[in-house]
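Working through the structure, step by step
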Amino acid sequence: MNNKIIAFLSIFFLILNLTSCRKTRTEYLKDDLFALDTYITFSVIEGDRAKEGIDATKKRIREIEERMSAHLPGSDISKINDNAGKQPVKVNPDTFFVIKKALEYAELTNGSFDISLLPVSRLWNINGENPRVPSPEEIEKALAVVDYKKIRLNEEEMTVFLEDEGMAIDLGGIAKGYAGDETVRILKEHGVTSGLVNLGGNIVAVNGKEDGSPWRIGIQNPRIDEDKNKRKHVAVLDTRGDAIVTSGDYERYMVEHYEKTGERYHHIFDPETGYPAKNGVISVSIITKNAIDADALSTSLFVMGVEEGLKLANELEGVEAMIVAEDKSIYLSKGLKDAVSGIHPDYKVVN
Ligand code: ADP
Ligand code: MG
């Protein structure tokens, strides 16, 4: 064979190979980002504007962070906190929307979800470099300015006012959910038909997988460190577009203190006590349409505990919950009864 024919044939087979690849294997674009204090991963079906969609989403997530972070000096939240007891602050409509949602969940949960907890969480500094156990006096003093009922919203003026000096709010329990909903909206606007984005335990999906099957989401084993088989997941939940958001006591906690004392001081606080919630719950996953609701509810149910938490989930339309308790019991809301698989052999569904 002469060289030309060989060259032609190899190109021919190369093209054949590429086209057959495309038919059999679905390509997902991968990307990631560190924002909102967490690691965010994207997996989005290839399409003309998929890359553009991911870039637009990343930009939007950074914008949400710039507005809603409690530690960036120029953010809406910092301005609100700096003006506590002084004057109302005009904010972006998205910040207003998220605070309004947060207050709805505060009402719904009788204050188990309370964004005005920042004076308490600052004392503990669990998310920071030097966490510590505050004295009961310090906690009592900080609790005196915790009260979501003193957050005043003015929809017409788009302002937020904290009535008492010393008050401060933090959207750490809800902003990632909002960012998740914005992610799905923007990806869809860019023609994305299938995708999965994980914002540090807040999982959002654009539809199911390309072939129509659901995404199978492994829920993190909350006690993987103590598991001799190191099984990664406690259970598997399926989604074709719902958000799945998990809150746990294993993500951020005082490791050294835990190793010394066996007491796990983590980052979800009980507004009644000013201490990390301690009611036997170690992980809560919420499945619902919008991630903002799932995020607020996962934190809320963690504080409320098994009984009250399950009751609320069962009362709410379109909301499902999986609660994992310290004694390795798993509690499921009514609609999840047959929807959970891959349960860790050490755990047991008990209701
Ligand atoms: P993660 O941020 O790890 O996904 P969550 O969504 O449960 O977990 O949010 C925990 C964060 O929410 C804390 O770091 C803190 O900023 C805030 N937070 C803690 N306790 C409460 C509470 N009872 N109500 C509202 N926000 C809370
Ligand atoms: Mg949350």
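Computed from a predicted model, the values in this text were never measured in an experiment. (Residues numbered from 1 in each chain as written. Chains lettered and ligands numbered in written order. Predicted model: local features only at pLDDT ≥ 70, side-chain atom pairs only at ≥ 80, totals over all residues. Heavy atoms only, no water.)

**A word on the domain arrangement of the protein**
Test applied: Segmentation of the chain into domains, including their bounds, is taken from an automatic or database domain assignment. In what follows, a contact means two residues having at least one pair of non-hydrogen atoms within 4.5 Å. Here's the idea: put two parts together, see how much 1.4 Å probe accessible area each one loses, and the total over both is what we call buried area. Counted as salt bridges are all cases of a side-chain nitrogen of Lys or Arg within 4 Å of a carboxyl oxygen of Asp or Glu. Whenever two N or O atoms come within 3.5 Å, that pair is a polar contact, provided that in protein one can donate a hydrogen and the other can accept it, and provided that, for residues adjacent in sequence, both atoms are side-chain atoms.
What the domain assignment reports for the protein is domain 1 (3–48 + 193–349) and domain 2 (71–162). The C-alpha-based centres of domain 1 and domain 2 are spaced at 27 Å. Residue-level contacts link 25 residues of domain 1 with 23 residues of domain 2. A buried area of about 2000 Å², summed over both sides, lies between domain 1 and domain 2, and 76% of it is on carbon and sulfur atoms. The largest share of the area that domain 1 buries against domain 2 comes from Met-254, Phe-269 and Pro-271, three residues that together contribute 29% of it. Put simply, domain 1 and domain 2 have one salt bridge between them. Here Asp-293 makes a salt bridge to Lys-101, at a shortest N to O gap of 3.6 Å. Linking domain 1 to domain 2 there are three residue pairs in polar contact (both at pLDDT 80 or more).

**Some thoughts on the coordination of the magnesium ion (ligand 2)**
Put simply, the rule reads: Only nitrogen, oxygen and sulfur atoms count as donors, using a 2.8 Å cut-off from the metal that widens to 3.2 Å for Na, K and Ca. Water is left out, so coordination shells may look unfilled. Numbered from the N terminus, helices here are DSSP runs of H or I no shorter than four residues, and strands are runs of E no shorter than two.
Gly-173 (O), Asp-295 (O), Asp-295 (OD) and Thr-299 (OG1) make up the full set of protein donors to the magnesium ion (ligand 2), lying at 2.0 to 2.6 Å. Summarised as a motif, the one-chain spacing of the donors to the magnesium ion (ligand 2) is G-x121-D-x3-T. With Asp-295 and Thr-299 both in helix α9 (residues 291–304) and four residues apart, this pair spans about one turn of that helix.

**Let's talk about the site of ligand 1**
Using the following cut-off: Nearness here has a simple test: a residue counts as near a molecule or strand if at least one of its heavy atoms is within 4 Å of that partner. For the area figures, the Shrake-Rupley method with a 1.4 Å probe applies, and any residue is considered shielded solely by the protein chains shown. The distinction between a cavity and a pocket rests on a 1 Å grid over the protein atoms alone: a 1.4 Å probe fits inside a cavity but cannot get out, while a pocket stays open yet meets protein on both sides within 12 Å along at least five of seven lines, and a residue with an atom within 4 Å of a point counts as lining. Put plainly, a molecule is in a cavity or pocket when over half of its atoms are within 2 Å of the grid points there. Throughout this entry, Asp, Glu, Lys and Arg are counted as charged residues, while Ala, Val, Leu, Ile, Met, Phe, Trp, Tyr, Cys and Pro are counted as nonpolar. The remaining residues, Gly among them, count as polar.
Looking at ligand 1, there are 17 residues lining it, with Asp-170, Ser-247, His-267, Phe-269 and Thr-299 nearest. Asp-114 is positioned such that a nitrogen or oxygen atom in its backbone is 2.9 Å from a nitrogen atom of ligand 1. His-267 places a polar side-chain atom, nitrogen or oxygen, 2.8 Å from an oxygen atom of ligand 1. The fraction of the free accessible surface of ligand 1 (560 Å²) that becomes covered by protein chains is 95%. Put simply, ligand 1 lies in the largest pocket. Among the elements that make up the shell around ligand 1, the one with the highest residue count is α9 (three residues). A per-class count over the shell around ligand 1 returns six nonpolar, seven polar and four charged.

**Some points on unusual backbone geometry**
Going by this rule: Only protein chains enter the accessibility calculation, which uses a 1.4 Å probe; a residue whose area is less than 20% of its type maximum is buried, one above 50% is exposed, and one in between is partly exposed.
Phi is positive for Asn-110, close to 55 degrees, though the residue is something other than glycine. Classification of Asn-110 as exposed rests on a relative accessible area of 70%. The phi dihedral of Asn-207 falls on the positive side, at around 55 degrees, and the residue is not glycine. Take Asn-207: it is sitting in the loop between β7 (202–206) and β8 (215–220). On the accessibility criterion, Asn-207 (34% relative accessible area) is partly exposed.

**Some words on the packing of aromatic side chains**
For clarity, the cut-off: A pair of aromatic rings is counted whenever rings of Phe, Tyr or Trp (Trp by its six-membered ring) have centres within 6.5 Å, and the orientation is called stacked for planes under 30 degrees apart, edge-to-face for over 60 and tilted otherwise.
All chains considered together, the criterion is met by six aromatic pairs. Pairing Phe-97 with Tyr-178 gives two aromatic rings, centres 5.7 Å apart and planes at 50 degrees, and the pair type is tilted. Separated by 81 residues along the polypeptide, Phe-97 in helix α4 (residues 93–108) and Tyr-178 in helix α7 (residues 175–189) bring together distant segments of the chain. Owing to a relative accessible area of 40%, Phe-97 belongs among the partly exposed residues under this scheme. Here the aromatic rings of Trp-124 and Phe-269 are separated by 5.9 Å at their centres, their planes lie at 50 degrees, and the arrangement is tilted. On the criterion of sequence distance, the pair formed by Trp-124 in helix α5 (residues 118–124) and Phe-269 in the loop between α8 (255–261) and β11 (281–288) is long-range, its members being 145 residues apart.

**Focus: the sheet that holds strand β14 (residues 340–341)**
Short version of the rule: A strand pair is defined by DSSP finding two or more bridges across the two strands.
Here we have three strands laid out as an open sheet, ordered β8-β9-β14, and antiparallel in their pairing. A strand with exactly one partner marks an edge of an open sheet, and here the two such strands are β8 and β14. Pairing of strand β9 (residues 233–239) with β14, which is carried by two bridges, proceeds in the antiparallel orientation. Along β14, the bridge assignment pairs Val-236 with Ser-341.

**Let's talk about the pairing of strand β4 (residues 151–154)**
The side chains of a regular strand alternate, first on one face of the sheet and then on the other. Direction of pairing for β4 relative to strand β5 (residues 159–162): antiparallel, over a ladder of four bridges. Among the inter-strand pairings, Ile-151 is bridged to a residue of β5, identified as Leu-162.

**A look at the layout of surface pockets**
Remark: the empty space left among the atoms is shown by a probe the size of a water molecule rolled over them. Operational definition: Grid points are joined across faces, edges and corners, and a volume is the space filled by probe spheres set on the points.
Taken as a whole, the largest pocket holds about 1200 Å³ of empty space. Considering the residues around the largest pocket, the lining is formed by 43 residues, among which Asn-127, Asp-170, Gly-172, Gly-173 and His-267 are closest to the centre. Sorting the residues of the lining of the largest pocket by element identifies α2 (50–68), α5, α7, β10 (243–248) and α9 as the ones contributing at least two each. Of the residues forming the lining of the largest pocket, the biggest block, four residues, is contributed by β10.

**What about the environment of Asp-346?**
Among the secondary structure elements, Asp-346 is positioned in the loop between β14 and β15 (348–349). Taking relative accessible area as the criterion, Asp-346 reaches 44% and is therefore assigned partly exposed. When the C-alpha positions of Asp-346 and Gly-335 are compared, they lie 23 Å apart, and in sequence the two are 11 residues distant.

**Quick notes on the sheet that holds β11**
Heads up, the condition is: Here the axes come from fitting lines to C-alpha atoms, over the contacting stretch only for helices, and the angles between their N-to-C directions go from 0 to 180 degrees.
Here we have nine strands laid out as an open sheet, ordered β1-β2-β6-β7-β10-β11-β12-β13-β15, and mixed in their pairing. Looking along the sheet, the strands with just one partner apiece sit at the ends: β1 (28–35) and β15. Along the sheet, α2 contacts β1, β2 (38–45) and β6 (195–199); its crossing angle with β1, the most-contacted strand, is approximately 15 degrees.

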